[in-house]
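Chain by chain, the residues run as shown.
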Amino acid sequence: MSLQCGIVGLPNVGKSTLFNCLSNAKAQAANFPFCTIEPNVGVITVPDERLTKLAELVHPGRIVPTTVEIVDIAGLVKGASKGEGLGNKFLANIRETDAIIHVLRCFDDENVTHVDGSVNPVRDKEIIDTELQIKDLETIESRIQKVQKQAQTGGDKVAKLMYDVLVRYKEALEQGKSARTVSFDTKDEQRAAHELFLLTAKPVMYVCNVDEGSAVNGNAYVEAVREAVKEENAEILIVAAKTEADIAELETYEDRQLFLAEVGLEESGVSRLIKSAYKLLNLETFITAGEMEVKAWTFHKGWKAPQCAGVIHTDFEKGFIRAEVIKYEDYLKYGSEAAVREAGKLGVEGKEYVVQDGDIMHFRFNV
């Protein structure tokens, strides 16, 4: 399941430093704009302590975690919607991603220049928002021209539905609001909205890149961002990218944990960011556990058992009979699949079962 989060932001806010921490890829992190010209793609392992604990019980040949793709996209500047800087490339690359990680500079450092001359994360956010909104408005106005006549005079119900969706979006965008702030009640409206692939409709997480001293509690810049995005229903994450880069250079897990403890963190910002990116894509994990491997599988939240079976192999979905389900907590409590069965805690589920995050699954099928 190849789903991508795109890391975006103005030049010199710490995007590439953060990307390097995430993927160990060598995106050039330099003190000038546009050092990341082609999008760098990293396939990132999603940390999951459940796999390690299950492996201690099962003793498999290997542990296979799930992954998510992170794309480092060229820094955007004002006027990108009109092709300024690397605007066209930026907009094309971001359109291909499924969600946005928006990095905001929330630290002072006179040695790192700011493209607009001063540190103001709220202004930076608004610059990118405006450029994306302008591009979306162009898309909306173009579509309105195509469907308006059919919707108003032709009696075409599909065109009328799309026209109503377009008008709702147009009103919001003209008010300087992103498409994600508009909600639709019916499934038909939601489907029509999704088909537009608007840039500002993508789910977003704001990453406040702070100095080491602000890594735990944030700072005034972070609070300003919180206030600015409070109506967006967006997650905010505080990360000290430079500190994360220092942690990534340490060779052993123990050394990294000691460093985190000294800073006052229980978990690295990189680990928190990967987990949050996974959730941002509306993804969850089910697990298969056996002697060969303990493996995490990615599925969309809300999927039913046959769809999840299809993640392993299409034949599993086509010939689905039933799913045997063990809750993660029960597996830990009883210590083995046999003990879970004996305790009567193994669930036998049919086609309508909605798979839950952390379910340990065994599919029965026939083709």
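Draft legend 1. Examining unusual backbone geometry more closely. The backbone phi angle of N12 is positive, close to 65°, even though this residue is not glycine. Among the structural elements, N12 can be located in the loop between β1 (4-8) and α1 (15-23). Overall, the relative accessible area of 15% leaves N12 in the buried class. Unusually for a residue other than glycine, F197 sits at a positive phi of about 50°. Given a relative accessible area of 51%, F197 falls into the exposed group.

Draft legend 2. A look at helix α2 (residues 49-58). Among the residues of α2, those classed as buried are R50, L51, L54, A55 and V58. Projected onto a plane normal to the axis of α2, the buried residues spread over an arc of 135° and lie on a single side. Structurally, α2 contributes buried residues whose contacts are with β3 (62-64), β8 (283-289), β9 (293-300), α13 (328-334) and β12 (360-365). In the segment just after α2, H59 is the residue with positive phi, at about 55°.

Draft legend 3. Representation of the pairing of strand β4 (residues 67-72) within the structure. When you tally the buried positions in β4, you get five out of six residues, the bulk of the element. By the bridge criterion, four bridges tie β1 to β4 in an arrangement that is parallel. Paired with G6 across the bridge in β4 is V71. Sheet analysis places strand β2 (residues 40-45) next to β4, joined by six bridges and oriented antiparallel. The residue bridging I44 from the neighbouring strand is V68, located in β4.

Draft legend 4. Highlighting the nonpolar core. Counting 57 residues, the largest nonpolar core has L22, I70 and I101 as its most contacted members. Those residues in contact with I70 that lie beyond four places of it in its chain are C5, I7, F19, L22, N40, V41, G42, I44, I101 and A277.

Draft legend 5. Layout of the pattern of salt bridges. Counted under the stated rule, the structure contains 19 salt bridges. Between D357 and R50 there is a salt bridge, with its nearest N and O atoms 3.1 Å apart. Linking D357 in the loop between β11 (347-349) and β12 with R50 in helix α2, this pair joins segments that are 307 residues apart in sequence. What makes D357 partly exposed here is its relative accessible area of 39%. Classification of R50 by relative accessible area gives buried; the value is 18%. Several salt bridges converge on common partners, so that one network encompasses E324, E337, R341 and R364.

Draft legend 6. Examining the pairing of strand β6 (residues 204-209) more closely. Within β6, six of the six residues are buried, which leaves the element mostly enclosed by the surrounding structure. Both strand β5 (residues 99-105) and β6 contribute to a ladder of six bridges, which runs parallel. Within the sheet, the bridge partner assigned to V103 lies in β6 and is V207. Direction of pairing for β6 relative to strand β7 (residues 235-239): parallel, over a ladder of five bridges. If you follow Y206 over to β7, its bridge partner there is I236. Handedness of the crossover is the feature at issue here: the chain leaves β6, passes through helix α7 (residues 220-228), returns alongside β7, and the resulting connection is right-handed.

Draft legend 7. A look at helix α9 (residues 253-263). Where α9 is concerned, the buried positions are F259, L260 and V263. Take α9 and look down its axis: the buried residues cluster within an arc of 100°, on one side only. Pointing more than 90 degrees away from the buried face of α9 are the exposed residues E254, L258, A261 and E262. Structurally, α9 contributes buried residues whose contacts are with α8 (241-249).

Draft legend 8. Inspection of a negative patch on the surface at higher detail. Side chains of D108, D211, E212, D246, E249 and E262 sit close together on the surface and give a patch of like negative charge. Relative to the elements of secondary structure, D211 occurs in the loop between β6 and α7. Taking relative accessible area as the criterion, D211 reaches 34% and is therefore assigned partly exposed.

Draft legend 9. Geometry of the packing of aromatic side chains. One pass over the structure, following the stated rule, counts six aromatic pairs. For the pair Y169 and F184, a centre-to-centre distance of 5.3 Å together with 80° between the ring planes defines the contact as edge-to-face. With Y169 in helix α5 (residues 157-174) and F184 in the loop between α5 and α6 (187-194), the pair connects residues that are 15 residues apart, well separated along the chain. For the pair Y169 and F184, a shared accessibility class is recorded, and that class is buried. Put simply, the rings of F286, W297, F299, F320 and F363 touch in pairs and so form one group of aromatic residues.

Draft legend 10. Representation of the sheet that holds β6. The mixed open sheet is built from six strands, whose spatial order is β2-β4-β1-β5-β6-β7. Taken across any chain shown, the strands that pair with only one partner, and hence form the sheet edges, are β2 and β7. Adjacent strand axes in the sheet meet at a mean angle of 25°, parallel and antiparallel pairs treated alike. In the packing of helix α4 (residues 121-153) onto the sheet, contacts are made with β5 and β6, and the angle to β5 comes to roughly 145°.

Rules used in this analysis
Residues numbered from 1 in each chain as written. Predicted model: local features only at pLDDT ≥ 70, side-chain atom pairs only at ≥ 80, totals over all residues. Heavy atoms only, no water. Helix = DSSP H or I, 4+ residues; strand = E, 2+ residues; numbered from the N terminus. Buried < 20%, exposed > 50% of the residue type's maximum accessible area, 1.4 Å probe, protein only. Arc of directions from axis to C-beta. Contact = heavy atoms within 4.5 Å. Pairing = 2+ DSSP bridges. Core = buried A, V, L, I, M, F, W, Y, C linked by side-chain atoms within 4.5 Å. Salt bridge = Lys/Arg side-chain N within 4 Å of Asp/Glu carboxyl O. Right-handed = clockwise from strand over helix to strand, strands pointing away. Patch = residues over 30% accessible without salt bridge, like charges linked within 9 Å, V, L, I, M, F, W, Y side chains within 5 Å. Areas by Shrake-Rupley, 256 points an atom, 1.4 Å probe, with all protein chains shown as cover. Lys, Arg positive; Asp, Glu negative; His and termini not counted. Charge placed at Lys NZ, Arg CZ, Asp CG, Glu CD. Phe/Tyr/Trp six-rings, centres within 6.5 Å; stacked < 30°, edge-to-face > 60°. Axes fitted to C-alpha atoms, helices over the stretch in contact; angles between N-to-C directions.

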